[in-house]
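What follows is the residue order along each chain.
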Amino acid sequence: MENSSKYFENRACSYYPCHKGTDELNCLFCYCPLYNIENCPGSPKWMEKNGGRLKVCTDCVFPHRAENYDKIMAILKLAAAGKV
């Protein structure tokens, strides 16, 4: 699926690899579009900071796996419709 509309990998990025533990890293969703969704299907952790909760996605590779593209798009459609 190299460099398709659902996947691309930017090994020249100064932050690459931003997550460890995966051989292929989809950079299409470099900034996670699911960050504002509290119950996302990824594996975020939560921490307290300045009296609020902060979502920490450092160890999550869900948006960087090519096979999750369609799942992410479905979640975004639900979010746009106010159903998430």
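Throughout this document, residue positions are counted from 1 along each chain, in the order its sequence is written. Per-residue local features are limited, in this predicted model, to residues with pLDDT of at least 70; the limit for side-chain atom pairs, both in listing and counting, is 80 or more; totals at the level of whole chains, interfaces and linings are taken over all residues. Derived side-chain values reflect all non-hydrogen atoms in the structure, with water molecules and hydrogen atoms excluded from consideration.

S.K.: In this structure, what is going on with the pairing of strand β2 (residues 52-56)? I would like to understand it.
M.R.: Note on strand geometry: in a regular strand, side chains alternate between the two faces of the sheet. Both strand β1 (residues 45-49) and β2 contribute to a ladder of five bridges, which runs antiparallel. Residue pairing across strands places W46 opposite K55, the latter belonging to β2. By this definition, two strands are paired if DSSP reports at least two bridges between them. Each helix is a run of DSSP H or I of at least 4 residues and each strand a run of E of at least 2, with the numbering of both proceeding from the N terminus. Remark: two residues form the turn of the hairpin made by β1 and β2, two consecutive strands paired antiparallel; N50 in that turn has positive phi of roughly 55 degrees.

S.K.: What's the story with the packing of aromatic side chains in this structure? I'm lost.
M.R.: Within a pair of aromatic rings, the relevant descriptors are the distance that separates the centres and the angle that separates the planes. Paired rings are identified among Phe, Tyr and Trp, the last through its six-membered ring, by centres lying within 6.5 Å, and are further divided according to the angle between planes into stacked (under 30 degrees), edge-to-face (over 60) and tilted (the rest). Applying the stated criterion across every chain yields a total of one aromatic pair. Ring centres 5.9 Å apart and planes at 20 degrees place the aromatic pair F29 and Y69 in the stacked group. Of the two residues, F29 is situated in the segment before β1 and Y69 in helix α1 (residues 69-80); the sequence distance between them amounts to 40 residues. As far as burial versus exposure is concerned, F29 and Y69 are alike and both buried. The rule for a charge over a ring is simple: NZ of Lys or CZ of Arg within 6 Å of the ring centre, and within 35 degrees of the ring normal. The ring of W46 has R53 sitting right over it, with the charged end atom 4.0 Å from the ring centre. Exposure is judged per residue with a 1.4 Å probe applied to protein chains only, and the accessible area is read against the type maximum: over 50% gives exposed, under 20% gives buried, and values in between give partly exposed.

S.K.: Can you help me understand the nonpolar core in this one?
M.R.: Generally speaking, soluble globular proteins have nonpolar side chains that are buried together. With nine residues, the main nonpolar core is built from F29, L34, I37, C40, C60, F62, Y69, I72 and I75. By the convention used here, residues are in contact when the closest approach between their heavy atoms is within 4.5 Å. Other than its neighbours up to four places away in sequence, I37 contacts K55, I75, A79 and V84. By convention a nonpolar core is built from buried Ala, Val, Leu, Ile, Met, Phe, Trp, Tyr and Cys residues, the set being connected through side-chain atoms within 4.5 Å.

S.K.: Honestly, the confidence of the model for the protein chain in this entry has me stumped. Any pointers?
M.R.: The predicted structure's coordinates, where accompanied by low pLDDT, should not be read in detail. Known as pLDDT, the predictor's confidence for each residue is given on a scale from 0 to 100. For the protein chain, the mean per-residue pLDDT works out to 89, and 96% of the residues sit at or above 70. Confidence, expressed as mean pLDDT per element, reaches its minimum in the protein chain at β2 with 93 and its maximum at α1 with 95.

S.K.: So what exactly am I meant to see when it comes to α1 here?
M.R.: In this model α1 runs 17 Å from its N-terminal to its C-terminal C-alpha over twelve residues, within 8% of the 16 Å that 1.5 Å per residue would give. Taken as a whole, α1 has its buried residues at Y69, I72 and I75. For α1, the arc enclosing every buried residue in end-on projection is 130 degrees, short of the 170-degree limit, so these residues lie on one face. Of the residues one or two after α1, G82 is the one with positive phi, at around 75 degrees. By this rule the span expected of a helix is its residue count minus one, scaled by 1.5 Å. Of all possible arcs, the one meant is that of the directions from the helix axis to the C-beta atoms.

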